[in-house]
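Architecture at a glance
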Amino acid sequence: MTRAAPTAFLALWNSISRAALQPEYETWHIFEHVPERIGLPGFIEARRYRSVTSAPHPPSYFTCYWLDSLEALNSPRYLELFANPTPWSARMRLELRNFFRLSCSLGGACGQSMASQLATIHLRGEGDLFPGQLQRQLAQRVQHGDLVCAQWGNVEQTQAIPIANRVDAPVAWTTGSDVVVMLQGLEASGLREQARQLLRALSPVASPVSPPKLFELLSQVRQDERTSPVLSHPHINQRQAPRPDLFQ
């Protein structure tokens with residue numbers, strides 16, 4: 001069976017209000033929230049990551065939703081989920097902190113495998129040479145074994161959503177001038193160094209909007225691997241059932 005190839009992704013960073021909330025937040029996110037999203041038309045895969053941090057500080061999270069196109073973020077069913085959240089989702093919305101969401105058209109990808117360690121970089125490019133130089137830099141690092149794989153996408157505008165980005169969130173000067181880069185590797189220390197080297201190599205044509213962030217993979221789910229009829233047939237007008245049993 002030929003799998004759907006993504007042409008876009010939604011990059012989402014957030015933290016939570018307090019460290020004690022971590023078990024509930026992660027249970028909600030993996031068992032109710034992400035399955036609800038990944039069953040929507042145009043959603044292909046979701047990968048969930050968590051930063052490595054020490055208690056009592058709450059961790060930060062990164063979620064990447066791979067999409068067949070950015071239109072998946074404007075579909076009536078996607079917008080309906082925001083307008084009518086489950087009781088558990090309504091509770092969790094109040095606990096989110098540092099929420100930042102960027103929708104991207106896929107610009108390029110390198111590598112045939114994936115790894116558990118991830119570095120995300122939000123870059124602002126200058127001039128037409130930037131995309132080509134970025135792609136060459138990533139391809140060389142994967143070819144030399146410095147990275148397992150890498151992807152990047154151009155930040156694009158989609159419809160407004162009820163959960164706004166954090167107040168201090170950076171805004172792209174023009175559509176396509178900002179990119180999100182995702183580097184995957186075997187060790188966090190190696191990824192940190194690769195991110196530093198990449199920024200230095202691209203400094204003539206790009207600058208970081210925010211410092212690189214490091215995460216580790218928590219879970220992954222694909223729509224075509226789900227067994228629920230609702231998730232297997234995205235044209236059925238029914239949303240994934242909530243999990244009140246776990247909410248209790």
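Before any of the text, the structure's been laid out above.
To start, this report covers the structure provided alongside it.

We now examine the pairing of strand β2 (residues 43-50). Taking burial as the measure, the eight residues of β2 include eight buried ones, the bulk of the element. In terms of strand pairing, β2 meets strand β3 (residues 60-67) through seven bridges, oriented antiparallel. Residue E45 lies in a different strand from β3, and its bridge partner there is W66. In this structure, β2 lies alongside strand β8 (residues 206-222), joined through six bridges in antiparallel fashion. Note that in β8 the partner of E45 across the bridge is R222.

The next point concerns the nonpolar core. Ranked by size, the top nonpolar core spans 28 residues in total, and within it Y25, F43, Y65, L67, L73 and Y78 carry the most contacts. Elements with a minimum of two residues in this core: β1 (8-16), α1 (22-38), β2, β3, α2 (76-83), α3 (87-93) and β4 (96-110). Beyond its immediate stretch of four places on either side in the chain, L67 contacts P6, T7, A8, F9, L10, G42, F43, I44, A72 and L73.

The subject of this paragraph is the sheet that holds β2. Around the barrel, eight strands lie side by side as β1-β3-β2-β8-β5-β7-β6-β4; this closed barrel has antiparallel pairing. Across the sheet, the mean angle from the axis of one strand to that of its neighbour is 35 degrees, orientation sign disregarded. Where β1 and β4 come together, eight bridges link them in antiparallel fashion. The residue bridging S15 from the neighbouring strand is R97, located in β4. Helix-sheet contacts for helix α4 (residues 130-143) involve β4, β5 (117-125), β6 (149-156), β7 (178-185) and β8, and the interaxial angle to β6 is about 160 degrees. Each of β5, β7 and β8 touches helix α5 (residues 188-202); the most contacted strand, β5, lies at about 15 degrees to it.

Thresholds applied
Residues numbered from 1 in each chain as written. Predicted model: local features only at pLDDT ≥ 70, side-chain atom pairs only at ≥ 80, totals over all residues. Heavy atoms only, no water. Buried < 20%, exposed > 50% of the residue type's maximum accessible area, 1.4 Å probe, protein only. Helix = DSSP H or I, 4+ residues; strand = E, 2+ residues; numbered from the N terminus. Pairing = 2+ DSSP bridges. Core = buried A, V, L, I, M, F, W, Y, C linked by side-chain atoms within 4.5 Å. Contact = heavy atoms within 4.5 Å. Axes fitted to C-alpha atoms, helices over the stretch in contact; angles between N-to-C directions.

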